[in-house]
Amino acid sequence: MSSLVKGGGDEEIVVPVVANARSGSALFLGAAGTRLARGAALLGLVVVAGFFPDFAQSNYLTSIALQIEILMCLALGLNFVVGYAGMLDLGFAAFFAIGSYTTGMLSVHAHWPILATLPPAVAIALIGAVFVGVPTLRLRSDYLAVVTLGFGEIIQMVVNNLNQTGGPEGIYGIPPLHLGGWVLTTTGSYYEIFLFLVVLFVAVSSRIRRSRLGRAWLAIREDEDTAQAMGIKVRRYKLYAYMAGSVFGSITGSLYAPAFIAIAPPSFGFTESLLVVMAVSIGGIGSIWGALLGAGVVIAFPEVFRQFAQARLLVFGIALVLIMVLRPQGIWPENGLGLGRLQQRWRSRGVGGVHR
Amino acid sequence: MAALSVRELSLRFGGVDALSEVSLEIPDRSLFAVIGPNGAGKTSFFNCLTGYYRPTGGAVFFDERDITRLKAADVAALGIRRTFQNVRVFPKLSARENVLAGAHLRASASFFGTLLGTPGHRRGEQALREEADRWLDFVGLADKAAVLAGDLPYGMRKRLEVARALIAHPAVLLLDEPAAGVSSVEREELASVIHRTAAGGVTVVMIEHDVELVMQLAAGVAVLDRGRLLVQGSPEEVRADPRVVEAYLGRRQR
């Protein structure tokens, strides 16, 4: 499917790992209600997820779970752009590439510690976002999609052709991440790092969603002209969304580099960008849980369908089309799974009967 | 003293004069109505006042300040808020979040406050949420705070739009056909909301086809016809003016 779906042998294992565990418990906590119970349930979920490599006892499963986490991080980043601000971005892998390559080059060629490469990676991604965003974010929908697609392709071509980025071979021998006295070398350890990153990104996303910034983005997505009547400066806020996405994308890329030791241009192409868009839209546009679930589905399905051998991507494609036809709002839409909303609808219908 | 002062405002679309040299003084803290037959240029007039259209001639002053060339977001920032003819709430946001979106410029903008959830930031957001609920209560939607705006019936969406504008504490509120398409029950509720808004010291300017509503609420009325200002005066004067009867009332629009 993609370079994100690396590794993994031919075992026929049918478990969409982390994502499933998450969604199951989260369903339950929606009913639990109170804030405290919700927090405790989430904490429990994260702790359980943290022990996953220990009871999975399978490098294959752990590596799939790691790929899911990476796509979750990217999807949460793209969710700012596509989900909140409502702009179609088909070149999101560019920021993933900028993070990975900045970290790869600085750690291999200049011998920087991995963590020290994060600030420059984020800074370069932000510069890229502003550079592309300022002249283009006035464009709407399709046109913006084309420009972002172009940006993604350009970044991939640049890393493919520069000597400093190792050309088509990419960069290899990226040193491991050092955390205090710990040197992280195993897949399991990076699984834990990315678990932390997912939790951090979820926390940041949900805080932003409930703030002035998040409300402004959603207003823009829902109705650009009306958003202006609220005093929202549409172009500036679109740029903020693009920048927020670039921060998440580049941080994810920076930590991806040591996790996979080697990076190469094919990991950062259009397919990657598309995978992220798929994760966001299948999960449910604008929904944090949706982005997580979508990432799980997008990575796990091709693995689950290994039994179909050559046809597995075909089956994957059909499954995606089916999901979008049967549930166009996504698996876990932003306004909940739909049960409460149905009730609300029913009630307001009753009241609304007198209106035309 | 005039809240809004419109001087020889003109708007041309190609060869069509949507507005030609309209001059109007809208008194501060009044309830003012703009009426006229379909296609008279009423909505174009609003769009020129709120930065959605750039007029081709003339000027608009708000508190003696020229706002003719300002963008919509900047006009809103000065305290001029509006609703739209074909109700434009944010359908996938709850009623409360719609109102909060209207408070954009009053909400805490501290990025680190947001990320870290500092006590000051939390208090500010909490206070704003409580105020949003009060405005929902003001328009009679207190029990709909959590309902998605898209799921509300039409008349309620119209009132939600008013609450969304009011939380910004505007000096001027422009209502584009608040009563169009609503039931008679809803119409009374809207009339009450409009009346109480004006009583609260907000200058309200409304475009309205419902002549009875205009006569009931407005202190001053301007009649537009084919892009020109036909008459301006008290409701009684306007009602009695033969030109208005001919251009508007006589044709029995609505």
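Okay, so let's go over this structure. This is a predicted model, so every value here is computed, not measured.

Parameters at a glance
Residues numbered from 1 in each chain as written. Chains lettered and ligands numbered in written order. Predicted model: local features only at pLDDT ≥ 70, side-chain atom pairs only at ≥ 80, totals over all residues. Heavy atoms only, no water. Helix = DSSP H or I, 4+ residues; strand = E, 2+ residues; numbered from the N terminus. Buried < 20%, exposed > 50% of the residue type's maximum accessible area, 1.4 Å probe, protein only. Contact = heavy atoms within 4.5 Å. Areas by Shrake-Rupley, 256 points an atom, 1.4 Å probe, with all protein chains shown as cover. Pairing = 2+ DSSP bridges. Axes fitted to C-alpha atoms, helices over the stretch in contact; angles between N-to-C directions. Expected span 1.5 Å × (residues − 1). Parallel < 35°, antiparallel > 145°, perpendicular 65-115°, else oblique. Left-handed = near helix turned anticlockwise from the far one by under 90°. Nonpolar A, V, L, I, M, F, W, Y, C, P; charged D, E, K, R; others polar.

Secondary structure summary: chain A contains 15 helices and two strands in total. When each of the 356 residues of chain A is scored for burial, the buried share is 55%. The long-range share in chain A, meaning contacts at least 24 apart out of those at least 6 apart in sequence, stands at 78%. Counting only carbon and sulfur atoms, one obtains 67% of the accessible surface of chain A, whose full area is about 15,400 Å².

With that out of the way, let us pick up the sheet that holds strand 10 (residues 228–233) of chain B. Residue and element names in this part refer to chain B. An order of 6-7-8-3-9-10 is seen for the six strands of this open sheet, with the pairing classed as mixed. Two strands bound the open sheet, and with one partner strand each, they are strand 6 (80–82) and strand 10. Each strand of the sheet is rotated relative to its neighbour by a mean of 20 degrees, with strand direction disregarded. Where strand 9 (residues 220–225) meets strand 10, five bridges bridge the pair, whose relative direction is antiparallel. Note on strand 10: the bridge partner recorded for Val223 is Val231. Sitting on the sheet, helix 7 (residues 184–199) touches strand 3 (31–35), strand 7 (172–176) and strand 8 (203–207), and the angle it makes with strand 8 is about 150 degrees.

This brings us to helix 12 (residues 270–283) of chain A. Residue and element names in this part refer to chain A. The first and last C-alpha atoms of helix 12 sit 20 Å apart over 14 residues, in line with the 20 Å expected at 1.5 Å per residue. When you tally the buried positions in helix 12, you get ten out of 14 residues, the bulk of the element. By the burial criterion, the buried members of helix 12 are Glu272, Ser273, Leu275, Val276, Val277, Met278, Ala279, Val280, Ile282 and Gly283. Next to the buried residues of helix 12 lie helix 4 (59–84), helix 5 (93–108), helix 13 (288–304) and helix 14 (312–326). Looking one or two residues past helix 12, Gly284 carries a phi angle of roughly 135 degrees, positive in sign.

A few words on the packing of helix 4 of chain A against helix 8 (residues 187–209) of chain A. All names here are of chain A. The interhelical angle for the contact between helix 4 and helix 8, taken along N-to-C directions, is 20 degrees, at an axis separation of 9 Å. Comparing their axes, helix 8 and helix 4 come out roughly parallel. Here the hand of the crossing between helix 4 and helix 8 comes out left-handed. Split by residue class, the contact of helix 4 with helix 8 holds 17 nonpolar, six polar and two charged.

Geometric values such as these leave the question of function open.
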